[in-house]
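Close look at the chain arrangement
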Amino acid sequence: MDGVKINLKVNGQDISREVDSRLLLSDFIRESLYLTGTHIGCEHGVCGACTIHVNGDPVRSCLMLAVQADGCEVKTVESLIQENGKLNYLQQAFSDNHALQCGFCTPGFLMTVSGFLEENSKPSEDEIKKCISGNLCRCTGYSNIIKAVKQAAQTVSN
Amino acid sequence: MKPAKFNYLRPSSLEEAVHYLSEYGEDAKILSGGQSLIPLLNMRLSTPKYLIDIGRAEGLSYIQEEGESLVIGALTKHREIEKSELVKEKCPLLSEAIRWVGHEQIRNRGTVGGSIAHGDPSAELPCVLTALRGEVVIADVNGEEIVSPEDFFLTYMLTSLQPDQLVKEIRFPILKQTSGSAFVEVARRHGDFGLVEVAAVVDLSEDGSFSEVKLAIGGVNSVPTALGDVERLLVGKEPTEESYKDASVLTMEMIEPESDLHGTAEYRRELSGTMVIRALKQATIRAQGGRVM
């Protein structure tokens, strides 16, 4: 194996591993770190299911090599849950509004939207639609996802 | 689908990067943001022996004003341009166009140099660069050279970059305060590849006629195309429905779109005519609004 040593912080925890340079960050997260909340859909940057945060920004983990994340701070969907084990405001909003059907795309939506709401806590419906346009929901549950984002935005801005 | 095996190199400077390129150029690929290259690696459409990751190379990420140009380092991310007040002030066309590049997740990683070097004819930045007659600064072990977009973009995904060269910097001419600009695009979903996109910049004389027009179209030819004949047709004319229509007709004659699963050649041609009118009108309104009458 063409091993490369990488050090990164994942969900607040320091991680040090030797990885194959061709390993995708999405596979590293799922298969080396067992954080299987990050889902893998298309693997070429179209569906958004694998969205995570790198250094605070939502990115597609299937379009990054694990070696590129060396020295970075990574957050996956597992980071959203509150310390007491309860859903955070965004997860709760998705639950309340039935904003998930099969749930496969949900982690990607949550990570995209959580980054978005940090920058814009009072989004218009049009801004919400643009924000989630990079995530595909094959059950076409968009109406409820939009409702959930509105509820979450309400919670944030209060 | 996973990338094929490669040797991973991570230069920390431009000098180190071009040194690797001079050694492995034929067998190597440059990786910057990876938003175009990694899908190609994932699908094994590209299987380089050496992957030169310039993502950590120092001194290649900057946006600054230099004389008449806005100079942007190759590693500058789309998102940084989107957020830049300097870009908004000096080159609003670029600010407007950048929001059409991929989705936010893509713009957070994708770089300006990567987009230019990839040479996708439907990408937004090559279209803006072509409209403005900007410059691409290319580096290799022997130094730097400056290439015009016309000489740089050769055909679909093919540029004049030699195996031992990389894109170091892009120079976008600064727009006059009096000019109006517009970037319009039609895509199947916001953030997807544009079917047709048009970048327009207009300046008006005291009498209200066009004194200068810059126009480029993307998504319809094998390279982003400056519409020089349309520009010349408009200069000296009043911005009337008739001159917009003439510009539209000439545009449809000048382009050679192809059919694909997203749209037929005929559709693209018709759409191009409409989009040119739309871009010109919007740019003209902005030029009129921007003037002290």
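Everything here concerns the structure above.
Let me begin by describing the structure that accompanies this report. Only a predicted model underlies this, so the values are computations on that prediction, with no experimental measurement involved.

All names here are of chain B. What the 5 strands build is an open sheet, ordered β4-β5-β10-β6-β7; its pairing is antiparallel. At either end of the open sheet lies a strand with only one pairing partner, and these are β4 (63-66) and β7 (143-147). The average undirected angle you get between the axes of adjacent strands in this sheet is 25°. On top of the sheet, helix α1 (residues 14-24) reaches β6 (135-140) and β10 (166-173); it is set at about 125° to β10, its chief contact.

Opposite the 32 residues of chain B that make contact, chain A presents 32 residues. Three residues, Gln105(B), Arg109(B) and Arg189(B), lead the burial of chain B against chain A; their summed loss comes to 23% of the area buried on that side. Linking chain B with chain A are 5 salt bridges. Across the pair Asp70(A) and Arg10(B) runs a salt bridge whose closest N-O atoms are separated by 3.2 Å. Run the count over chain B and chain A and you get 16 residue pairs in polar contact (both at pLDDT 80 or more). Elements supplying a minimum of two residues to the side of chain B that touches chain A: β1 (7-9), α2 (37-42), β3 (50-53), α3 (78-83) and α6 (104-107) of chain B.

A few words on the packing of helix α11 (residues 241-254) of chain B against helix α12 (residues 265-289) of chain B. Residue and element names in this part refer to chain B. Two elements in contact, α11 and α12, have axes whose closest approach is 8 Å; the angle formed by their N-to-C orientations is 140°. Relative to α12, the element α11 lies oblique. In the packing of α11 onto α12, the handedness of the crossing is right-handed. Mapping the contact onto sequence places Glu241, Tyr244, Ala247, Ser248, Thr251 and Met252 in α11 and Arg269, Glu270, Ser272, Gly273, Thr274, Val276, Ile277, Leu280, Lys281 and Thr284 in α12. Here the residues of the contact of α11 with α12 are counted per class, giving 6 nonpolar, 6 polar and 4 charged.

This model, assessed by the stated rule, comprises 4 aromatic pairs over all chains. Plain terms: the ring middles of Phe109(A) and Tyr142(A) are 6.2 Å apart, the flat faces sit at 65° to each other, and that makes the pair edge-to-face. Within this pair, whereas Phe109(A) is found in helix α3 (residues 106-119), its partner Tyr142(A) is found in helix α5 (residues 142-157), the two being separated by 33 residues in sequence. Note on Tyr24(B) and Tyr50(B): the rings are 3.8 Å apart at their centroids and 15° apart in plane angle, and the pair reads as stacked. Of the two residues, Tyr24(B) is situated in helix α1 and Tyr50(B) in strand β3; the sequence distance between them amounts to 26 residues. A residue is classified by how much of its surface remains accessible, and Tyr24(B), at 21% relative accessible area, is partly exposed. Members of the aromatic cluster, each reached through a chain of ring pairs, are Tyr20(B), Tyr24(B) and Tyr50(B).

Turning to helix α4 (residues 125-132) of chain A, a few remarks are in order. Every α-helix winds through 3.6 residues per turn, so residues three or four apart in the chain are directed the same way. All names here are of chain A. Among all positions in α4, only Ile128, Cys131 and Ile132 are buried. Along α4, the residues classed as buried sweep out an arc of 85° about the axis, all on the same side. Against the buried residues of α4 lie α3 and α5.

Residue and element names in this part refer to chain A. Positionally, serine 157 belongs in helix α5. Taking the relative accessible area as the measure of exposure, serine 157 reaches 31% and is therefore partly exposed. For the pair serine 157 and asparagine 120, spaced 37 residues apart in sequence, the C-alpha separation works out to 9.4 Å. For serine 157, the contacting residues outside a window of four places in its chain are Ser121 and Lys122. At 3.3 Å, the side chain of serine 157 and the backbone oxygen of glutamine 154 are in polar contact.

Rules behind the numbers
Residues numbered from 1 in each chain as written. Chains lettered and ligands numbered in written order. Predicted model: local features only at pLDDT ≥ 70, side-chain atom pairs only at ≥ 80, totals over all residues. Heavy atoms only, no water. Pairing = 2+ DSSP bridges. Helix = DSSP H or I, 4+ residues; strand = E, 2+ residues; numbered from the N terminus. Axes fitted to C-alpha atoms, helices over the stretch in contact; angles between N-to-C directions. Contact = heavy atoms within 4.5 Å. Buried area = accessible area lost by both parts, 1.4 Å probe. Salt bridge = Lys/Arg side-chain N within 4 Å of Asp/Glu carboxyl O. Polar contact = N/O pair within 3.5 Å; in protein donor to acceptor, adjacent residues only side chain to side chain. Parallel < 35°, antiparallel > 145°, perpendicular 65-115°, else oblique. Left-handed = near helix turned anticlockwise from the far one by under 90°. Nonpolar A, V, L, I, M, F, W, Y, C, P; charged D, E, K, R; others polar. Phe/Tyr/Trp six-rings, centres within 6.5 Å; stacked < 30°, edge-to-face > 60°. Buried < 20%, exposed > 50% of the residue type's maximum accessible area, 1.4 Å probe, protein only. Arc of directions from axis to C-beta.

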